[in-house]
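Coordinates in review
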Amino acid sequence: ISTASGSVIKDILGTLDDFERAIANNENSEDVTALKEGFNLIYQKLLNTLVAKGLEPMNAKGEVFDADKHEAITQIPAPTEEDKGKCVDVVERGYKLKGQVVRYAKVVVGQ
C-alpha cells in the first residue's frame, strides 16, 4: 500500500525533469514566445501522463449546475435567460479519476 502510487510518481518524474530544464534555460532566455511554448509543452506532457492513468478533466462551463460535480463559489445575475442555473464561469477545473470525482469544479452560477 505504501508504494501504490509509485508508478504514477515514476511517470511524472520525466515532467519534473522537463520543468527543471525549463527553469534553468529561462534564466538566460528573453524570448517570451519560446517560454510560453515550452511551458505549454510541459503542461501537455503532464496532462497526457495523468490522463493515461485515468484522470478525466471536467468541462463545466455552460453545463447545468450539478452539486455532484460542481461547487458553487458564488452566484451572479445570469447574462442571458438561458444561462440561469448554469455554470457561467469556472474558477478551478474539476477532475474525475476513472469516473469518480476527485476534485469538484469550482464554478460561478448564473441566477
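Bringing the side chain of H70 into the picture now. One can find H70 in strand β2 (residues 70-76). Reaching out from H70, the side chain makes a polar contact with the side chain of E63 at a distance of 3.3 Å. If we ignore the near neighbours within four places in the chain, the residues touching H70 are A60, E63, V64, F65, C87, Y104, A105 and V107.

As a further point, take the side chain of D18. The residue D18 is located in helix α1 (residues 6-26) in this model. On the accessibility criterion, D18 (16% relative accessible area) is buried.

With that settled, consider the pairing of strand β5 (residues 100-103). Relative to β5, strand β4 (residues 95-97) runs antiparallel, the two being bridged by three bridges. In the sheet register, Y95 faces β5, and the bridge partner there is R103.

Moving on, we get to the environment of R93. As for its placement among the helices and strands, R93 is situated in the loop between β3 (87-92) and β4. What makes R93 partly exposed here is its relative accessible area of 33%. Between the C-alpha atoms of R93 and L46, which are 47 residues apart in sequence, the distance is 15 Å. In this structure, R93 is in contact with Y43, P57, M58, N59, R103, Y104 and A105, ignoring residues within four places of it in sequence.

Strand pairing in a sheet relies on backbone hydrogen bonds. The paired strands run either parallel or antiparallel. One open sheet accounts for three strands, arranged β2-β6-β3; its pairing is mixed. Each edge of the open sheet carries a strand with a single partner, namely β2 and β3. The average angle at which neighbouring strand axes cross in this sheet is 30°, direction not considered. Relative to strand β6 (residues 105-110), β3 is paired through four bridges, and the arrangement is antiparallel. If you follow C87 over to β6, its bridge partner there is V109.

What follows is about the sheet that holds β4. Overall, antiparallel pairing links the three strands, which are arranged β1-β4-β5 in an open sheet. Both outer strands of the open sheet, β1 (55-57) and β5, are each paired with one neighbouring strand and no more. The mean inter-strand angle of the sheet, taken between neighbouring strand axes irrespective of direction, is 35°.

The rules behind each value
- Throughout, residues of each chain are indexed from 1 in the direction in which the sequence is written.
- Owing to the predicted nature of the model, reporting of local features is limited to residues with pLDDT of at least 70; listing and counting of side-chain atom pairs is limited to 80 or more, with chain, interface and lining totals taken over all residues.
- Hydrogens are left out, water is left out, and the side-chain values use all remaining heavy atoms of the structure.
- Numbering goes from the N terminus for both helices and strands, where a helix is a DSSP run of H or I of at least four residues and a strand is a run of E of at least two.
- Pairs of N or O atoms are called polar contacts if they sit within 3.5 Å, as long as, within protein, a hydrogen donor faces a hydrogen acceptor (for residues adjacent in sequence, only side-chain-to-side-chain pairs).
- We call two residues in contact whenever any of their non-hydrogen atoms come within 4.5 Å of each other.
- We call a residue buried when its accessible area falls under 20% of the maximum for its residue type, exposed when it is over 50%, and partly exposed in between, using a 1.4 Å probe and counting protein chains only.
- Paired strands are those between which DSSP finds at least two bridges.
- Only the contacting stretch of a helix is used when fitting its axis, a line to C-alpha atoms as for every element, and angles between N-to-C directions run 0 to 180 degrees.

Note that all results are geometric; they support no functional claim without further evidence.
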